[in-house]
Every structure is written in structure tokens, then in C-alpha cells.
Amino acid sequence: MNERLGKGLDALIRDIPERTNQATGITTVRVEHISPNRYQPRKAFDPVKLKELSDSIKQNGIIQPIIVTKREDSDYELIAGERRLEAAKLAGFEEVPVIIRSVSKKEQLQFAIIENIQRENLNAIEEAMAYQQLVVEFNMTHAQISEIMGKDRVTITNSLRLLRLSSSIQDYILSGTLTAGHARAILQVEESLQESFAKHLAANGSSVRQAEEMAKSWLQPHTSVRQSHPKIYSHVIEETELKQIFKVNVKIDDKNGRGKIIFKYSNDEEKKELLEQLMKQ
């Protein structure tokens, strides 16, 4: 009889989503009663970093409460702290400390963006998509977004420009293969050639500085293109490829199909390795 009653009380306690510790004043909510923030700008978590945070939470608990808002169905929706919530679930926590706030939809998105940007958890595309959401759903100007985010208006505008890139190029940035710096270089290239440029940067692991140089005169590296645009075609591509092969700086000096290729070495060891490479060719 008592055993059945005990089980009934346990079940009843589990059904109560929220409780407050009278001694500490801390409110906790069961994790199954917290739904994700529908305006969360971050699309993916780094599994390694999430595991690190989960291990830390196991050892030290959640030091900073998660911010939630009450829903009409008596459950809760996350405002800020999604990474902490996911790490707590991974650590096996059944409940988490919370701060309950009443916010508008716009404020809910703002909280999520600000938290992620301040913690540098958003990549360039996620950040741009979040700003776009403020523009489209809440009719905010770039100036208004810059004010609430504490960033220059030009920074906001440049961020939003990244969304002009094709979805495949955006995927390179979302995956971390290319950075926002690479993206800005890609935007300098004619739209029809951006895809080939992005693929080249990703395949060769080009630095942002190399991307900026190549963007000045990028054309698809095919013979027909070179013949159609002999004055525009740049030798940066070949210089980059030769540098990767011979491990020294290379300069191509070409005028009307005649010129020279200059290999620049910094010491005797580089010279020796270069000569050995050239003799193998």
C-alpha cells in the first residue's frame, strides 16, 4: 500500500514542471517541459565542445541559469541558453535552473542572437540569417539592428550581403570549410563564377589573403576562358598552385605569352629542396 502510494507521489512530482527551492530561491524546470527557441539562430552544435561543456556541468553544475518564457500550454520555451540545456541533457540532468521572463517574439530572437554573438557561437551565415530574420519578421532597419547588437551599421549590412551567396557556398561557411573573410572575397567575383571560385578556395585550403588576391581577376581556369579574356586572366592561380608544389614563393611575369617564372627561396635549405624538386620534374 505504502509502496504504491510512494510511486504515485513520485509520478506526481515528475508531472510538476517547475519548482522553487525556498532556501535558495532558485527555480528549476524539468528539461522535458522546455521546448527549443523557435527563433534560435544557431543551426548546429560542435559535438566536441558540447561534450566538453557536458563534462563540466557534470562536475560543477549549471552556474548560469537558463532563460525561459512561459507558454500558454503551461510548458516553457527557451529564450537563451540552448547550448547549456543540450549539454545538461547530455549529462543526464532531469531539471535545470531557470529565470522565467515574459518577452515578445522580437525580444526572444534578440536574446538568442545577442547571447550567441557575445559567446562567439554563431558562424557568419547563422549570424546573417538571424539579422535577416529581424529585418523580415520585425521590419527592423540595419541601423536599428546595429544599435541593439552594439555593432556598426556597415558591419550588419556586410553580414547580410553573405546571404546573396548560393546555398552551396553558404554550406562551405556553415561547415567551417570557408570563413566570412573568404565569403567577402567571393562576393567580389562575378556571380556566374562564384561557384568555381569557392570550390577552388575550399579544395586548395587558400588563406583569406590569397582569396582576396585571386578575387581581383578570377576567371574559370579553362583554356577557352583564357583565350577570351587574355588581358583579364590572372596568374595568381598558377602561382598559388606552384607554391603548393615547390613550397616556396613563386612569381610569374608574363607579357603577351612571353616572360619568366621566378622562384624565391629564403635560405640554403629551401634552395636545395627546390632544386631537388625541379630535377624530378
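Everything below is about the structure shown above.
We now turn to the structure provided with this report. (Residues numbered from 1 in each chain as written. Predicted model: local features only at pLDDT ≥ 70, side-chain atom pairs only at ≥ 80, totals over all residues. Heavy atoms only, no water.)

## Considering the overall build of the protein chain
Along its length, the protein chain carries 14 helices and eight strands. Across the 281 residues of the protein chain, 38% fall into the buried class. (Helix = DSSP H or I, 4+ residues; strand = E, 2+ residues; numbered from the N terminus. Buried < 20%, exposed > 50% of the residue type's maximum accessible area, 1.4 Å probe, protein only.)

## Description of the packing of helix α9 (residues 180-187) against helix α10 (residues 194-204)
Following both chains from N to C, one finds α9 and α10 inclined at 145°, their axes separated by 10 Å at the closest point. Here α9 runs over α10; the crossing is right-handed. On α10, the residues touching H182, A185, I186 and L187 of α9 are Q194, F197, A198 and L201. Looking at the contact of α9 with α10 residue by residue, the class counts come to six nonpolar, two polar and no charged. (Axes fitted to C-alpha atoms, helices over the stretch in contact; angles between N-to-C directions. Left-handed = near helix turned anticlockwise from the far one by under 90°. Contact = heavy atoms within 4.5 Å. Nonpolar A, V, L, I, M, F, W, Y, C, P; charged D, E, K, R; others polar.)

## With respect to a nonpolar patch on the surface
The grouping of L275, L278 and M279 at the surface amounts to a nonpolar patch, some 300 Å² of accessible area in total. Secondary-structure assignment places L278 in helix α14 (residues 268-280). Of the residues examined, L278 reaches a relative accessible area of 35% and is grouped as partly exposed. (Patch = residues over 30% accessible without salt bridge, like charges linked within 9 Å, V, L, I, M, F, W, Y side chains within 5 Å. Areas by Shrake-Rupley, 256 points an atom, 1.4 Å probe, with all protein chains shown as cover. Salt bridge = Lys/Arg side-chain N within 4 Å of Asp/Glu carboxyl O.)

Everything listed is a geometric property; what it means functionally is a separate question.
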